[in-house]
Amino acid sequence: MIALPSAADLLDWYDRHARDLPWRIAPDDRRAGIVPDPYHVWLSEIMLQQTTVAAVRDYYRAFLARWPNVEALAAADLDDVLRAWAGLGYYSRARNLKACAEMVARDHGGRFPDSEDALRALPGIGAYTAAAIAAIAFDARAAVVDGNVERVMARLFRIETPLPDAKPEIRAAMDRLTPADRPGDFAQAVMDLGATLCTPRRPACALCPWSQACAGRHAGVAETLPLKAPKKAKPTRRGAAFVARRSADGAILLRKRPAKGLLGGMAEVPGTPWSETFDPSSAAGLAPFPAGWRVQPAPVRHIFTHFHLELSVLVADLAEPLPLPDAHWWSAPGELAGEALPTVMRKVVAAGTG
């Protein structure tokens, strides 16, 4: 007979093995009466959406050092926020981050609401993030389900419905297990379990506090769960990017992307639209101005959520001053690191200047 999973068993394990994360209040500190700062919890959860803990740590610390509270972030310039976010990906999160900070400062007196429904009314906060903030910041009972939790629940209850159709069943399982006492710690404990023991490959079942209760382990199928529906093939879009270098100082010509849409408001080198029908052999004829454009040997490749991208990179050195259109500027070599360049554009600049 399979034992029933116990929240208390998992919390005992968490008390001993909780990860040390810069945005987390450790179990001992929480028992001592130290409570999480909702601003810290919110900032970390937005950064962690579709991004790893390792990638987020330094960005989180830098944001807190620059904007230590929600009022400071609300008063920040959006371009500064985008520059600080550059390289973290999924840039709509940065725009929503700024909009959310403004709304909290303006409409909520600088205090985050403590209910899931009120949190979901804020920009950039969906079901998962609202539940995470409510549970972790306010210790409200909420079923918090991220990718790690999905894996743990699917294995624990042997849920064999493929994702994403399994999401309601997984959330219901997490809801059944979430205790009224220490729901925030419990949510973090399940996430830690998935991140450290119940990993996608070779889960460490012998060390798991729920091993005796795991239906997937007893059936010998734990490592195969959760099942996922076959992924659709991503299309490939192509385009051209033009790296213009000012001969006098090596400055690179940049422009600002439209505020809305993919990479909205970020910086880029001039380029063509990206499409599945783009012909790379036509790239030189699409340059933004006449120059001695040279095609780099290999295209820059980048993967977005819904498509692959291949950019032909063309380079030109300009000795004469160039009249600049609106929203264009020269960025000197020492300034490039601080520009709001998304990762794909940093690849382009590197390909054009290396």
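These figures come from a predicted structure and were not determined experimentally. (Residues numbered from 1 in each chain as written. Predicted model: local features only at pLDDT ≥ 70, side-chain atom pairs only at ≥ 80, totals over all residues. Heavy atoms only, no water.)

1. Focus on the packing of aromatic side chains
To keep things clear, this is the line we draw: Side-chain rings of Phe, Tyr and Trp, where Trp is taken by its six-membered ring, are said to pair if the distance between their centres is within 6.5 Å; with planes under 30 degrees apart they count as stacked, over 60 as edge-to-face, and otherwise as tilted. Secondary structure follows DSSP: runs of H or I at least 4 residues long count as helices, runs of E at least 2 residues long count as strands, and numbering of each begins at the N terminus. Note on exposure labels: buried denotes an accessible area under 20% of the residue type's maximum, exposed denotes more than 50%, and partly exposed covers the range between, all computed with a 1.4 Å probe on protein chains only. Criterion for a charge above a ring: Lys NZ or Arg CZ within 6 Å of the ring centre, and within 35 degrees of the ring normal.
For the structure on display, the rule yields ten aromatic pairs. Measuring from ring centre to ring centre gives 5.2 Å for F242 and W293, while their planes differ by 70°; the resulting arrangement is edge-to-face. Remark: W293 occurs in the loop between β3 (267-268) and β4 (294-295) and F242 occurs in strand β1 (residues 236-246); sequence separation between them is 51 residues. Using a relative accessible area of 1% as the deciding quantity, one classes F242 as buried. A relative accessible area of 14% means that W293 is categorised as buried. Here a set of aromatic residues connected by ring pairs shows up, and it is made of Y39, W42 and F112. Positioned above the aromatic ring of F157, the side-chain terminus of R176 is 5.2 Å from the ring centre. One residue, R237, lies across the ring of F307, its end atom 4.0 Å from the ring centre.

2. Things to note about helix α1 (residues 7-17)
Quick note on the threshold: The arc in question is traced by the directions running from the helix axis to the C-beta atoms. Whether two residues are in contact is decided by their heavy atoms, any of which lying within 4.5 Å being enough. In protein, a polar contact means a hydrogen-donor-capable atom and an acceptor-capable atom, both N or O and within 3.5 Å, with residues adjacent in sequence counting only if both atoms are side-chain atoms; elsewhere, any N or O pair within 3.5 Å suffices.
Within α1 the residues assigned to the buried category are A7, L10, L11, W13 and Y14. An end-on view of α1 places all buried positions within 160° of arc, on one side of the element. On its buried face, α1 sits against α2 (27-31), α11 (167-177) and α12 (183-196). Among the residues of α1, the N-terminal cap falls to S6, whose side-chain oxygen and the backbone nitrogen of A8 are separated by 3.2 Å.

3. Some words on the confidence of the model for the chain
Going by this rule: The pLDDT value tells you how sure the predictor is about a given residue, anywhere from 0 up to 100.
Summing up the model confidence of the chain, the mean pLDDT is 94 and the portion of residues at 70 or higher is 100%. The element-level mean pLDDT for the chain is lowest in helix α6 (residues 78-85), coming to 93, with helix α5 (residues 70-74) highest at 98.

4. Thoughts on empty space enclosed by the protein
Rules: As defined here, a cavity is a set of points on a 1 Å grid over the protein atoms alone where a 1.4 Å probe fits but cannot get out. A pocket is an open set with protein on both sides within 12 Å along at least five of seven lines, and residues line them when an atom is within 4 Å of a point. Grid points are joined across faces, edges and corners, and a volume is the space filled by probe spheres set on the points. Throughout this entry, Asp, Glu, Lys and Arg are counted as charged residues, while Ala, Val, Leu, Ile, Met, Phe, Trp, Tyr, Cys and Pro are counted as nonpolar. The remaining residues, Gly among them, count as polar.
Inspection of every chain in the model, using the stated rule, returns one cavity of 30 Å³ or more. Lining the largest cavity we find 15 residues, and of these R155, C198, C205, C208 and C214 sit closest to its centre. With three residues, helix α10 (residues 147-156) is the single largest residue contributor to the lining of the largest cavity. Looking at side-chain class alone, the lining of the largest cavity contains twelve nonpolar, one polar and two charged residues.

5. Digging into the side chain of R30
Assignment of secondary structure puts R30 in helix α2. Judged by relative accessible area, R30 falls into the buried class, the value being 17%. At 3.1 Å, the side chain of R30 forms a polar contact with the backbone oxygen of I136. In this structure, R30 is in contact with I25, P36, A135, I136, D139, D185 and Q188, ignoring residues within four places of it in sequence.

6. A few points about α10
In terms of residue burial, α10 counts as a mostly covered element, since nine of its ten residues are buried. Among the residues of α10, N148, V149, E150, R151, V152, M153, A154, R155 and L156 are the ones counted as buried. Residues of α10 that are buried make contact with α11, α12 and α13 (215-218). The residue sitting at the N-terminus of α10 and contributing the capping side-chain oxygen is D146; that oxygen lies 3.1 Å from the backbone nitrogen of N148. Within two residues after α10, R158 carries a phi angle of roughly 50°, on the positive side.

7. Some points on the environment of R106
Its place among the elements puts R106 in helix α7 (residues 92-107). At 3.0 Å, the side chain of R106 forms a polar contact with the side chain of D107.

8. Thoughts on the packing of α6 against α7
A pair of packed helices is captured by two measures, namely the crossing angle of their axes and the spacing between those axes. Selection rule: Axis definition: a line fitted to C-alpha atoms, over the contacting stretch in the case of helices. Angles run 0 to 180 degrees between N-to-C directions. Angles below 35 degrees are treated as roughly parallel, those above 145 as roughly antiparallel, those between 65 and 115 as roughly perpendicular, and all remaining angles as oblique. Crossings are classed by handedness, with left-handed meaning an anticlockwise turn of the near helix from the far one by less than a right angle and right-handed meaning a clockwise turn.
Remark: α6 packs on α7, axes separated minimally by 10 Å, with the N-to-C direction vectors making an angle of 135°. Comparing their axes, α7 and α6 come out oblique. Of the two elements, α6 crosses α7, and the hand of that crossing is right-handed. Along its contact with α6, which presents L78, V81, L82 and W85, the element α7 presents R93, A94, R95, L97 and K98. Partitioning the contact of α6 with α7 into residue classes produces six nonpolar, no polar and three charged.

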